Amino acid sequence: MLVLQLVVVAVTVTGSAALVSVLARQLVTTEAAAISKAVALSVATSPDVLAALDEPAPTRRLQPYAERVRAETGVDFVTIMKPDGTRYTHPNPDQIGGRFLGHIEPAVRGEAFTETYTGTLGPSVRAVVPVQSEGSVPALVSAGIKVDKVSAKLRGLLAWMTGIAALALGLGAAATWLVTARLRRQTHGLGPVELGRIHEHHDAVLHTVREGLLLVGRDGTLTLCNDAALALLDLPADAEGRHVADLGLPELLAGREEESIHLVGDRVLAVNSAASRLGTVVTVRDHTELQALAGQLDAERGFAESLRSAAHESANRLHTVITLVELGRTEEAVAFGTAELRAAQELTDRVMGAVREPVLAALLLGKSAEAAERGAELVISDDSELDDPGLDTRDLVTIVGNLIDNAVEAASRVEVHVRGGTGGLVVRVADDGPGLTVPEAFRRGWTTKGDGHGLGLALVGQAVRRLGGTIEVDGSVFTVRLPAPERVT
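Just so it is clear, the structure is predicted and the values come from calculations on it, not from any experiment.

Conventions we followed
- Residues numbered from 1 in each chain as written.
- Predicted model: local features only at pLDDT ≥ 70, side-chain atom pairs only at ≥ 80, totals over all residues.
- Heavy atoms only, no water.
- Pairing = 2+ DSSP bridges.
- Helix = DSSP H or I, 4+ residues; strand = E, 2+ residues; numbered from the N terminus.
- Axes fitted to C-alpha atoms, helices over the stretch in contact; angles between N-to-C directions.
- Buried < 20%, exposed > 50% of the residue type's maximum accessible area, 1.4 Å probe, protein only.
- Polar contact = N/O pair within 3.5 Å; in protein donor to acceptor, adjacent residues only side chain to side chain.
- Contact = heavy atoms within 4.5 Å.
- Expected span 1.5 Å × (residues − 1).
- Core = buried A, V, L, I, M, F, W, Y, C linked by side-chain atoms within 4.5 Å.
- Patch = residues over 30% accessible without salt bridge, like charges linked within 9 Å, V, L, I, M, F, W, Y side chains within 5 Å.
- Areas by Shrake-Rupley, 256 points an atom, 1.4 Å probe, with all protein chains shown as cover.
- Salt bridge = Lys/Arg side-chain N within 4 Å of Asp/Glu carboxyl O.
- Parallel < 35°, antiparallel > 145°, perpendicular 65-115°, else oblique.
- Left-handed = near helix turned anticlockwise from the far one by under 90°.
- Nonpolar A, V, L, I, M, F, W, Y, C, P; charged D, E, K, R; others polar.

Draft legend 1. The arrangement of the sheet that holds strand β4 (residues 136–146) in detail. The four strands lie next to each other as β1-β4-β3-β2, forming an open sheet whose pairing is antiparallel. One side of each edge strand has no neighbouring strand; the edge strands of this open sheet are β1 (77–81) and β2 (113–119). The sheet shows a mean angle of 30 degrees between the axes of neighbouring strands, direction not considered. Strand direction decides the pairing type here: β1 and β4, joined by five bridges, are antiparallel. Across the sheet, residue Met81 finds its bridge partner in β4, namely Leu140.

This is the structure we're talking about:
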C-alpha cells in the first residue's frame, strides 16, 4: 500500500512537473517573441530611423541608436537593414554590410512576424518588422533574444518548479507513511488478506453460534448483537447502535459479573456479563427446556422426599405396632394400625377423588407429605374437581408446585382449590400467612427470602402467560385462571 501510494504521488507530481515545464517553455518563448516584436516596432516607427535612412551613410546614425535601444530594452540585437537584407547595424560592427541571416520576405511585403532562427549570434527568438514610408518599405528592423538567454530564464523557473515538486513529493511520501503507520497500528500489523480472513471468520462465528452475544459500550449503546441474541431477546433488526434503555434491556445488561436467570417472554435465559475495555460483553443462553426439566426434577425429588418421609413414618408406626404386639396389647396395636391406614387412605382418596389427572394428583400428594414434614398442613378444598384439563402438565406442575412451595414456606396452613370445566381451569392457593401486596412479585429477582430466590413466582407468571391465563393476588390468596384449550373434533 505504501509503495502504491508513493508511486501514485510520484507519477502525479512528475506528470504535473513535465506539463508545467512545457507550458513554461511556451510562455517564456512567447514572452521573448512579444518583447522582440515590441522593440522592433518601436524602432521601425522612430522618426530618427526615417531621417537616418535619407542620409548618404545611414549606419553612422543608426548604429549608435540601435545599440542604445538594445542596451535599454535588454534584447540581444537590434538590426536595421535594407529591403534586400544588407545590414545597417549589428552588435558586432564587423557584421555591418553583410546579409541578414533569416527570413525577411513577409516583412518586405509589409507584414511583421516572429521566428526562431540561428544567426550570427546563435539561435534566437526574433521579430522582423517593416519600416513604412509613404506606402513603401525602405528598410527592415529585426530585434531578438538569444535562445540561451530564454533557456537560462527557463532553467530558473524549472529550478523553482523542481524544488516545489520535490517538496510536494516529500510531503506526500511523509503523509502516506504516517497514514500507513497509523493504519498498521489500528489493524495490529495485519494486511488486507488477513483482515478479510478475520472478518469472514468473525461473521461466520458470530451469526452461527446458538448462544446470544452482545457488546454494550460504556455509554450504554448496543454496539454488537448477533442473530441468536436478536431471536432470544425479541430485539428489532436495527437494535445495533441504539441505547439499551430504548430496547428495554437495562436490567438484563446491568454488567453483573455472575450468571443470572432472566425471563424474557416465554423463555428462561441464563445471562453472563463481563466487563472489557470496549464495554460489557454479554452472553445469553436459552435455558427454557432445561428449566422445565429442572421443574420436573424438583417435582420428582419432592415425590422421592415424600416417599422417604412416608417410609420413615411407616417404619416408626410399624415399630409401634410390633412393640404393642410384643407387649401383648394386640387390641391397641390393631386400633393404632387401623387408624393410621384410615388416615393415609383418606388423604389419597380425597386427592384422587377430587383430582383425576395423575401427574397433578401425584404432585398434590407429594406436596402434602412435604408440607407435613415441614410442620405445615396442606388441604384440598371440598369443591375441588379436575379430570383431564387438556393443558401441558409441565406448565401445570410449574404453576401449582411453585404456588404451594411459596405458600408452605410462609404459612402453617395451605388450602388448594383446583377445578376445571368448559370455562377453563381455576387454581387457587390460599394460606394463613401475611400475603403479598406488590405487583413485582411475578418479576424475576423479587423475593423476601434473600439471595438465591425470586424465580418461582416468575416462572409461574411465565407459564400462565404462555397458557393465555391470568393471575390475581389478594393478600395471601393466589388465583390462576387458565382458558380451556380448543378441542379438535
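Draft legend 2. Fine view of the side chain of Ser36. Note on placement: Ser36 falls in helix α1 (residues 2–44). Since its relative accessible area comes to 0%, Ser36 is described here as buried. Within the structure, Ser36 has its side chain in polar contact with the backbone oxygen of Ala32 (distance 2.9 Å). In contact with Ser36, not counting residues within four places along its chain, are Val125, Arg126, Ala127, Ala143, Gly144 and Ile145.

Draft legend 3. Summary view of the side chain of Thr89. Topologically, Thr89 is positioned in the loop between β1 and α4 (105–108). A polar contact is formed between the side chain of Thr89 and the backbone oxygen of Val78, at a distance of 3.1 Å. Residues in contact with Thr89, not counting those within four places in the same chain, are Leu62, Gln63, Ala66, Val78, Thr79, Ile80 and Ile96.

Draft legend 4. Quick peek at helix α11 (residues 393–410). Here α11 spans 26 Å end to end across 18 residues, near enough to the 26 Å set by a 1.5 Å rise per residue. Every buried residue of α11 is listed here: Asp395, Leu396, Val397, Thr398, Ile399, Val400, Gly401, Leu403, Ile404, Asn406, Ala407 and Val408.

Draft legend 5. Up close: the nonpolar core. Counting residues in hydrophobic clusters, the biggest one holds 34 residues, and the most contacted among them are Leu364, Ile399, Leu403, Val416, Leu425 and Leu482. Every element with two or more residues in this core is listed here: α10 (358–373), β10 (377–380), α11, β11 (413–421), β12 (424–431), α12 (456–466) and β14 (477–482). The dominant element in this core, judged by the number of residues it contributes, is α11, at eight residues. Non-local contacts of Leu403, meaning those with residues more than four positions away in its chain, are made with Val429, Leu457, Val460, Phe478 and Val480. Formed by 26 residues, the second largest nonpolar core is a distinct cluster that contains Val28, Ala40, Ala66 and Ile80.

Draft legend 6. Spotlight on unusual backbone geometry. Positive phi values are uncommon outside glycine, yet Glu134 reaches one of about 55 degrees. Glu134 sits in the exposed class, given a relative accessible area of 84%.

Draft legend 7. Main features of a nonpolar patch on the surface. Taken together, Val3, Val7 and Val11 make up a surface patch of nonpolar side chains, about 280 Å² in accessible area. With respect to the secondary-structure elements, Val7 resides in helix α1. You can call Val7 partly exposed: its relative accessible area is 44%.

Draft legend 8. Up close: the packing of α10 against α11. Running from amino to carboxyl end, α10 crosses α11 at an angle of 15 degrees, the nearest separation of the two axes being 10 Å. It follows from the interaxial angle that α10 and α11 lie roughly parallel. Between α10 and α11 lies a crossing whose hand is right-handed. The segment α10 lies against α11, with Val359, Leu360, Leu363, Leu364, Lys367 and Ala371 engaging Thr393, Leu396, Val397, Val400, Gly401, Ile404, Asp405 and Val408. For the contact of α10 with α11, a count of residues per class yields 10 nonpolar, two polar and two charged.

Draft legend 9. Layout of the pairing of strand β3 (residues 122–133). The buried fraction of β3 amounts to nine of the 12 residues, a majority that puts the element mostly inside the structure. In the sheet, β2 pairs with β3 via seven bridges, with the strands oriented antiparallel. Bridging across to β3, Phe113 finds its partner in Val128. Taking the residues that link successive antiparallel strands as the turn, the β2-β3 hairpin has two residues. Sheet topology places β3 next to β4; nine bridges connect them, and they run antiparallel. Its bridge partner lying in β4, Arg126 is registered against Gly144. Connecting β3 to the antiparallel partner β4 that follows it, the hairpin turn spans two residues, and Glu134 within it adopts a positive phi of roughly 55 degrees.

Draft legend 10. Seen up close, the sheet that holds β10. The five strands are arranged β10-β11-β12-β14-β13 in an open sheet whose pairing can be described as mixed. Every interior strand has two partners, whereas the edge strands, β10 and β13 (470–474), have only one. The mean angle between the axes of side-by-side strands here comes to 15 degrees, regardless of whether they run parallel or antiparallel. Taken together, the five bridges between β13 and β14 define a ladder with antiparallel strand orientation. What sits directly across from Ile471, in β14, is Val480. Its contacts with the sheet put α10 on β10 and β11, and the angle it makes with β10 is roughly 150 degrees. Contacting β10, β11, β12 and β14, α11 crosses the sheet at an angle of about 175 degrees to β14.

Draft legend 11. A look at the pattern of salt bridges. Following the criterion strictly, the structure yields six salt bridges and no others. Glu55 serves as the salt-bridge partner of Arg61, at 2.6 Å between the closest nitrogen and oxygen. Here Arg413 and Glu377 are joined by a salt bridge, their closest N and O atoms 3.9 Å apart. Of this pair, Arg413 sits in strand β11 while Glu377 sits in strand β10, and the two are 36 residues apart along the sequence. Exposure remark for Arg413: the relative accessible area of 38% places this residue in the partly exposed category. By relative accessible area, which is 42% here, Glu377 ends up partly exposed. Each of Glu377, Arg413 and Glu415 takes part in one network of salt bridges that share partners.

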